[in-house]
Amino acid sequence: MNDRLATLFYLGLGLALCRVGKLFWARLHPRVAVDEELTGKDNFAFAVLLGSYYFGLLIALGAAIGGPSLGSFAGDALAAALWGLGAIVLFNLG
């Protein structure tokens, strides 16, 4: 596969996993209004918490992408997706 297409795919995968992480987090914390906490109350502690959550997801996905190759693009993409989903689950359990 072309390197540019692979880059675009992994960028899209990262954005999709951040969206899944956001939806999963919102499902587990339905009483928290993210916009109100960040803009209405200027809650710095909440901003650090949420920013750390997204940063951790990107680190987990980056580790899967930057790690050793499984030999095929499909295998690497599946591994990155599974690492990202696993990170989402583990971050929310923590």
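Note that residues are indexed from 1 along each chain, following the sequence as it is written. Side-chain atom pairs in this predicted model are given and counted only at pLDDT of 80 or more, local residue features only at pLDDT of at least 70, and totals for whole chains, interfaces and linings cover all residues. In computing side-chain properties, one takes all heavy atoms of the structure into account and sets aside hydrogens as well as water.

(A) How the structure looks around the environment of F55. Labels follow the DSSP assignment, with helices taken as runs of H or I lasting at least four residues and strands as runs of E lasting at least two, numbered in each case from the N terminus. Examined against the element boundaries, F55 turns out to sit in helix α3 (residues 44-66). Taking the C-alpha atoms as reference points, F55 and C18, separated by 37 residues in sequence, lie 9.5 Å from one another.

(B) Geometry of unusual backbone geometry. Even without being a glycine, D42 presents a positive backbone phi close to 50°. Inspection of the secondary structure puts D42 in the loop between α2 (34-40) and α3.

(C) Layout of the side chain of E37. On the secondary structure map, E37 appears in helix α2. Pairs of N or O atoms within 3.5 Å make up the polar contacts considered here, provided that, within protein, one atom can donate a hydrogen while the other can accept it, and that residues adjacent in sequence are counted only when both atoms are side-chain atoms. Within polar-contact distance, the side chain of E37 engages the side chain of K41 at 3.2 Å. One polar contact links E37 to N43, side chain to side chain, over a distance of 2.7 Å. The contacts of E37, once residues within four sequence positions are left out, are V32, D42, N43 and F46. Here, residues are in contact when the closest pair of their heavy atoms is within 4.5 Å.

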